[in-house]
Amino acid sequence: MNVARVVIVVTVGLVLQMALARYSVGGRWVFDLVLVAVVYAALAWGPIAGMWAGTLGGLVQDSLSGDVVGIGGLAKTVAGVSAGVAGTQFIVSSGAARVATVAAVTVGHRLLVVALLAIVDQRWSDVDWLAMLVETGLNGLAGLIAFQASVLLPGAVRSTRELRRSSLSKRRW
Amino acid sequence: MDSFRRTFVFFIVLSFLHVLLISAQVQSRSGMPVIKAAAFGVFASIQHLTSGIADLGQSFWANYIALRGVAAENDQLKKRVLALEGITQAQAAIVSQTNELEDLLRLQQSLVVPTLAARVIAGDPAPGADIITIDRGSADGVEPDMAVIGHNGVIGRVFNRPTAHAAQVQLLKGRLAAAAAVTEQSLAAGIVQGGAGDPPLEMNFVDVLRDVEVGERVYTSGLDGIYPRGFLIGTVQRAVKGSGFYSDLRLLPAVDFRRLDVVLVVLVKRQP
């Protein structure tokens, strides 16, 4: 596990979350890009990376959201470990399998958060199933984009570099 | 197998620490102000940057590319301005008459509260948090617990300590938000709370003997010391039977929380 990579992935997820959520405040377009970053770290670098990514991302989100610090941290830690263990036990190399993992983790994470809030508040709040469905879909889509980008981008950068090198070598100085 | 055991032990330890952290706050109800302030301080500057980049893109699109229909819109706006000028003059006449009556009756004149316009630069850090970040902070005179309003009504309040150029606003529709309120005609007092589902606002502890009508407007009563009296919160959508001598009302918010771009911070400090 590379700590710097985990921190970068979580930070990117958090910055994108806050920048894009500005356009969907109070609406039904719910998404959690930090959770997507946690699942990405878990599937890419294993359960321990997922666990630390979940702890870090969840605690920072809790600190910024004004709620009890630790609820999101615990939920995302569980989500990160679950995704990491799923990545080691099942073959999740295809795009569809990764999207399914993100979707399953999203549903589990949301239910866990609702349960933890019910314990803390001592009252059961309504679950917005439609919002959960939208969140699952959008997180899955974001996960697909993230995984495809991580596969395609290094290849694109390498081929661009090679193209530049070959054009330089043809020159006569 | 060794790796699995190590992961499992790590997981148990971390989960236990999280539970301890949560328990400490639930007992003290004080939150983690230092951690929250530090996290917000770090991310506020990043939010300014990302918001600036997004606004630049939006501005380029709106001012140079998407200009179709601007002339027609301009004509419509001119007509609208004319109509509004008429309404403003009529309102000014009413205000003048009211002031004269207040003078005659020696009533305390209603004060116009000072406000500060602010732009929304970031949304929910976590889904369902119902928090926005604005680009005004302590350097502009923004302080914790100042009310934030829109052109239609109450939006929320400033919470946590603002940084120099950014502050977080807790939306009234949020799970942990509340405001003291009163209905317009029946004068039923109560507490408006967020997180009620659909519609998102609920007015609790309303005297069951008060005859509240559906469609009646609900305003801030000023009793909480945060929201000054007289700001519109929403309209009554339906009444729900509460417990004992109280009934609960479901309110449709006056503000469309999905369209928050510019807000006004009411520069009045919290009344003790």
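The structure contained in this document is the topic of the report that follows. As the structure is a prediction and not an experimental result, all values here were calculated from the model.

What follows deals with the overall build of chain A. Check the secondary structure of chain A and you find six helices and zero strands. Order of helices (α) and strands (β) in chain A, N terminus to C terminus: α-α-α-α-α-α. Dimensions along the principal axes, computed over C-alpha positions, put chain A at roughly 75 × 40 × 30 Å. Across the 173 residues that make up chain A, the buried fraction comes to 50%. Long-range pairs, those at least 24 residues apart, make up 68% of the contacts in chain A with a sequence separation of at least 6. Just so you have it, chain A exposes about 8,400 Å², and 67% of that area is on carbon and sulfur atoms. Looking at chain A, you have 14 positive and 8 negative side-chain charges, and the mean spots of the two groups are 24 Å apart.

Now for the pairing of strand β12 (residues 262–266) of chain B. Residues and elements named next belong to chain B. Relative to β12, strand β1 (residues 115–122) runs antiparallel, the two being bridged by five bridges. When the sheet's bridge partners are listed, Ala 118 is paired in β12 with Val 263. The pairing of strand β3 (residues 147–149) with β12 spans two bridges and is antiparallel. Its bridge partner being in β12, Ile 149 is matched across the sheet by Leu 264.

What follows concerns the sheet that holds strand β11 (residues 246–253) of chain B. All names here are of chain B. Read around the closed barrel, six strands run β6-β7-β8-β11-β10-β9, paired in antiparallel fashion. Direction aside, neighbouring strands of the sheet carry axes that sit 40° apart on average. Relative to strand β7 (residues 189–193), strand β6 (residues 178–183) is paired through five bridges, and the arrangement is antiparallel. Looking across to β7, one finds that Ala 178 is bridged to Gln 193.

Residue and element names in this part refer to chain B. One non-glycine residue, Asp 130, adopts positive backbone phi at about 55°. Residue class for Asp 130 comes out buried when judged on its relative accessible area of 8%. Unusually for a residue other than glycine, Leu 187 sits at a positive phi of about 55°. Looking at the secondary structure, you find Leu 187 in the loop between β6 and β7.

This paragraph deals with the sheet that holds strand β5 (residues 166–171) of chain B. Taken together, six strands build a closed barrel; the order of strands is β1-β2-β5-β4-β3-β12 (chain B) and the barrel is antiparallel. For this sheet, the mean inter-axis angle between neighbouring strands, taken without regard to orientation, is 45°.

As a rule of thumb, nonpolar side chains are buried together in soluble globular proteins. Among the nonpolar cores identified, the biggest contains 40 residues, and Leu 172, Val 192, Ile 233, Leu 251 and Val 265 of chain B are the most heavily contacted of them. Beyond its immediate chain neighbours, meaning those up to four positions away, Val 265 of chain B contacts Pro 114, Thr 115, Leu 116, Ala 118, Ile 134, Val 142, Met 146, Ala 147, Val 148 and Val 158 of chain B. Ranked by size, the runner-up nonpolar core spans 19 residues in total, among them Val 9, Ala 79, Ala 83 and Ala 97 of chain A.

Glancing now at the packing of helix α2 (residues 33–45) of chain A against helix α4 (residues 71–89) of chain A. The angle between the axes and the distance between the axes are what describe a pair of packed helices. Residues and elements named next belong to chain A. Where α2 contacts α4, the axes come no closer than 8 Å and their chain directions differ by 35°. Crossing hand, α2 versus α4: right-handed. For the pair α2 and α4, contact is made by Val 34, Leu 35, Val 38, Val 39, Ala 42 and Leu 43 and by Lys 76, Ala 79, Gly 80, Ala 83, Gly 84 and Gly 87, respectively.

Helix length check: helix α5 (residues 95–121) of chain A (27 residues) gives 39 Å between terminal C-alpha atoms against 39 Å at 1.5 Å per residue, within 8%. Looking one or two places after α5 of chain A, you find Gln 122 of chain A, whose phi comes out positive at around 60°.

Taken together, the contact pairs 52 residues of chain B with 44 residues of chain A. Between chain B and chain A the total buried area reaches about 4,000 Å² when both faces are included, carbon and sulfur atoms providing 67% of it. The interface formed by chain B and chain A holds one salt bridge in total. Between Asp 55 of chain B and Arg 22 of chain A there is a salt bridge, with its nearest N and O atoms 2.8 Å apart. For the interface between chain B and chain A, the tally reads six residue pairs in polar contact (both at pLDDT 80 or more). Listing elements by their share of the side of chain B that touches chain A, those giving two or more residues are α1 (2–28), α2 (33–65), β1, β2 (131–134), β4 (154–163) and β5 of chain B.

Thresholds, definitions, all that
- Residues numbered from 1 in each chain as written.
- Chains lettered and ligands numbered in written order.
- Predicted model: local features only at pLDDT ≥ 70, side-chain atom pairs only at ≥ 80, totals over all residues.
- Heavy atoms only, no water.
- Helix = DSSP H or I, 4+ residues; strand = E, 2+ residues; numbered from the N terminus.
- Buried < 20%, exposed > 50% of the residue type's maximum accessible area, 1.4 Å probe, protein only.
- Contact = heavy atoms within 4.5 Å.
- Areas by Shrake-Rupley, 256 points an atom, 1.4 Å probe, with all protein chains shown as cover.
- Lys, Arg positive; Asp, Glu negative; His and termini not counted.
- Charge placed at Lys NZ, Arg CZ, Asp CG, Glu CD.
- Pairing = 2+ DSSP bridges.
- Axes fitted to C-alpha atoms, helices over the stretch in contact; angles between N-to-C directions.
- Core = buried A, V, L, I, M, F, W, Y, C linked by side-chain atoms within 4.5 Å.
- Left-handed = near helix turned anticlockwise from the far one by under 90°.
- Expected span 1.5 Å × (residues − 1).
- Buried area = accessible area lost by both parts, 1.4 Å probe.
- Salt bridge = Lys/Arg side-chain N within 4 Å of Asp/Glu carboxyl O.
- Polar contact = N/O pair within 3.5 Å; in protein donor to acceptor, adjacent residues only side chain to side chain.

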